[in-house]
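Topology and contacts: notes
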Amino acid sequence: MKIQCFLLVIWEISSIFCDCGCSTNRHDQGQCKIESNEINPSKKYSLQQNSESGQNFDHSNMVLIEAGTFEMGTNKPVFAADLEGPARNVTLDESFYLDMYEVSNQDFYNFVLATGYKSEAETFGDSFVFEMALPESERNQYKDVRAVQASWWIKLKGASWKHPEGALSTIEDRMNHPVIHVSWNDAVEFCKHIGKRLPTEAEWERACRGGLKQKLYPWGNKLNPKGLHWANIWQGEFPKINTGEDGFIFTAPVSEFLPNKFGLFNMAGNVWEWVQDDWHSDPLNSKVKKGGSFLCHESYCWRYRCAARSFNTKDSSASNLGFRCAATA
Ligand SMILES: *[C@@H]1O[C@H](CO)[C@@H](O)[C@H](O)[C@H]1NC(C)=O
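Scoring rules and cut-offs
Each chain carries its own residue numbering, running from 1 in the direction its sequence is written. Note on the predicted model: pLDDT of at least 70 is required for a residue's local features to be given, and 80 or more for side-chain atom pairs to be given and counted; whole-chain, interface and lining totals, by contrast, use all residues. Hydrogen atoms and water are omitted, and side-chain values are computed over all heavy atoms in the structure. Any residue with at least one heavy atom within 4 Å of a molecule or strand is counted as near it. Any N or O atom pair separated by 3.5 Å or less is treated as a polar contact, with the protein-specific requirement of one donor-capable and one acceptor-capable atom, and with residues adjacent in sequence counted only for side-chain atom pairs. Values of accessible area rely on a 1.4 Å probe in the Shrake-Rupley scheme; residue burial ignores everything except the protein chains shown. As a working rule, the residues Ala, Val, Leu, Ile, Met, Phe, Trp, Tyr, Cys and Pro are called nonpolar, Asp, Glu, Lys and Arg charged, and the rest polar, with Gly in that last group. Any two strands with at least two DSSP-identified bridges between them are counted as paired. Secondary structure follows DSSP: runs of H or I at least 4 residues long count as helices, runs of E at least 2 residues long count as strands, and numbering of each begins at the N terminus. Paired rings are identified among Phe, Tyr and Trp, the last through its six-membered ring, by centres lying within 6.5 Å, and are further divided according to the angle between planes into stacked (under 30 degrees), edge-to-face (over 60) and tilted (the rest). Think of it in three bands: residues with accessible area under 20% of the maximum for their type are buried, residues over 50% are exposed, and the middle band is partly exposed, with areas taken using a 1.4 Å probe on protein chains only. Think of it as the arc spanned by the lines of direction from the helix axis to the C-beta atoms. Contacts are assigned to residue pairs that have any heavy atoms within 4.5 Å of one another. How sure the predictor is of each residue is captured by pLDDT, a score from 0 to 100. Counted as salt bridges are all cases of a side-chain nitrogen of Lys or Arg within 4 Å of a carboxyl oxygen of Asp or Glu.

Taken together, the neighbourhood of the ligand is formed by Glu71, Ala87, Arg88 and Asn89. Between glutamate 71 and the ligand, the recorded distance is 2.8 Å, taken from a side-chain N or O atom to a nitrogen atom. Taking asparagine 89, its side chain carries an N or O atom lying 2.3 Å from an oxygen atom of the ligand. Surface burial for the ligand is 36%, taken as the share of its 360 Å² of free accessible area covered by protein chains. Its residues assigned to classes, the shell around the ligand shows one nonpolar, one polar and two charged.

Below, the discussion takes up the sheet that holds strand β12 (residues 286–290). Strand order in this open sheet of four strands is β13-β12-β11-β14, and the pairing throughout is mixed. Where the open sheet ends on each side, the last strands, each with one partner, are β13 (310–313) and β14 (321–322). Where strand β11 (residues 272–278) and β14 come together, two bridges link them in parallel fashion. For glutamate 273, the partnering residue across the bridge sits in β14 and is glycine 322.

Let's shift gears to the packing of aromatic side chains. Across all of its chains, the model carries 20 aromatic pairs by this definition. Ring geometry for phenylalanine 111 against phenylalanine 190: centres 5.3 Å apart, planes inclined by 75°, an arrangement best described as edge-to-face. Placement of phenylalanine 111 in helix α2 (residues 105–115) and of phenylalanine 190 in helix α4 (residues 184–193) is noted, with a sequence separation of 79 residues between them. Summarising the burial analysis for this pair, phenylalanine 111 and phenylalanine 190 share the class buried. On the numbers, 6.0 Å between centres and 65° between planes, the contact of phenylalanine 248 with phenylalanine 257 is edge-to-face. Both residues of the pair, phenylalanine 248 and phenylalanine 257, belong to the buried class.

Further remarks concern helix α5 (residues 201–209). An α-helical segment advances 3.6 residues per turn. Residues three or four places apart therefore align on the same side. Across the nine residues that make up α5, a large majority, nine, are buried. Inspection of α5 places Glu201, Ala202, Glu203, Trp204, Glu205, Arg206, Ala207, Cys208 and Arg209 among the buried residues, and these make up the whole buried set. Once α5 ends, the next one or two residues include glycine 210, with phi positive near 55°.

Moving on, we come to α4. Buried within α4 we find Trp184, Asp186, Ala187, Phe190 and Cys191. Here the buried residues of α4 occupy an arc of 155° about the axis, which is enough to place them on one side. Next to the buried residues of α4 lie α2, α3 (120–124), β11 and β12.

Once that is clear, we can look at the confidence of the model for the chain. The predicted model of the chain averages 87 in pLDDT, with 84% of residues at 70 or higher. pLDDT under 50 marks residues 1–19. Its contacts with residues more than four places away, or in other chains, come to 40 contacts. Across residues 29–54, where pLDDT falls below 50, the model places 71 contacts with residues more than four positions away in sequence or in other chains.

Counted by the stated rule, this structure contains 17 salt bridges. Residues arginine 303 and aspartate 82 are paired through a salt bridge, measuring 2.8 Å at the closest nitrogen-oxygen approach. With a gap of 221 residues between them, arginine 303 in the loop between β12 and β13 and aspartate 82 in the loop between β4 (68–72) and β5 (88–92) connect regions that are remote in the sequence. Judged by relative accessible area, which is 2%, arginine 303 ranks as buried. Between glutamate 165 and arginine 174 there is a salt bridge, with the nearest N and O atoms lying 2.8 Å from each other. Overall, glutamate 165 belongs to the partly exposed group, its relative accessible area being 25%. Its relative accessible area of 14% is what places arginine 174 among the buried residues. A cluster of three or more residues bridged by salt bridges with shared partners is formed by Glu201, Glu205, Arg209, Lys290 and Arg309.

Looking now at the environment of serine 160. Note that serine 160 resides in the loop between β8 (153–157) and α4. As a C-alpha pair, serine 160 and threonine 170 span 10 residues in sequence and 9.7 Å in three-dimensional space. The residues touching serine 160, leaving out its near neighbours within four places in the chain, are Ala121, Glu122 and His181.

Spelled out as structure tokens, the structure:
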């Protein structure tokens, strides 16, 4: 059964916004369609064979995560339509390495320097930018290029990984921040170039949980244990007031905040991370993304949880969407 995003408001008010980013699919301008379908665990969560891995990759700044069984998903889904549930035992047959950090602007710069790679946002000539990143005086001129269900997303000409807020902007002051405005296809190419691959969703979630069982966050169930901020998310009132209490309004350096028990940084918050898996429902060609972003707030997009998931089409890019790479051990 297909349900238009706006109908979900009847039973889940916070779903009207779909999330802090799923509205940014290139082909439907924010018409978030959600389809409830059967979960087929063996198909969805199996570790795909990957010929690109092997031992020819640099595993410094990677964490080895052992093969084994873990509880994936949750029996208390916040967004049932995202298929966060049910909790189920998933077995990973092979150990794998996962990057400690999200891929940074510096990493992507090195990749482009070595290969001349042109990202999809550069090819399309635009990417989705959160309006608050643009000067207030300019925001009115973008009426025609706002996402339908989430008008704070502006499809901005000239926005790309090296010009995150349009042609005149630069990444020079944030080379250690996660690369953004990269599509799933871009992420795959990057990882392939260095002998790695994207993690599967099951690998990503096992890594996010850091050995903890059925906890909300990579560090536990409390949002701010010890009175500290543990992730880069939104404080204040979405989408107008971000108080930046965690130190950041937009992206944070990839090594910011405490790592989880596996030594992984920013699994929750900062930027969404692409994983290998298909979303398996509309729109076609969509891929799963995990972890939430700096735009997520509990009031409407409580998706900085390990079980949470969302999606974009493979060629979509946005200012809160990045990735990290994995490799089979
Ligand atoms: C996973 O397996 C363990 C050990 O057999 C069991 O205790 C647990 O209930 C299982 N979890 C789920 C969600 O089936």
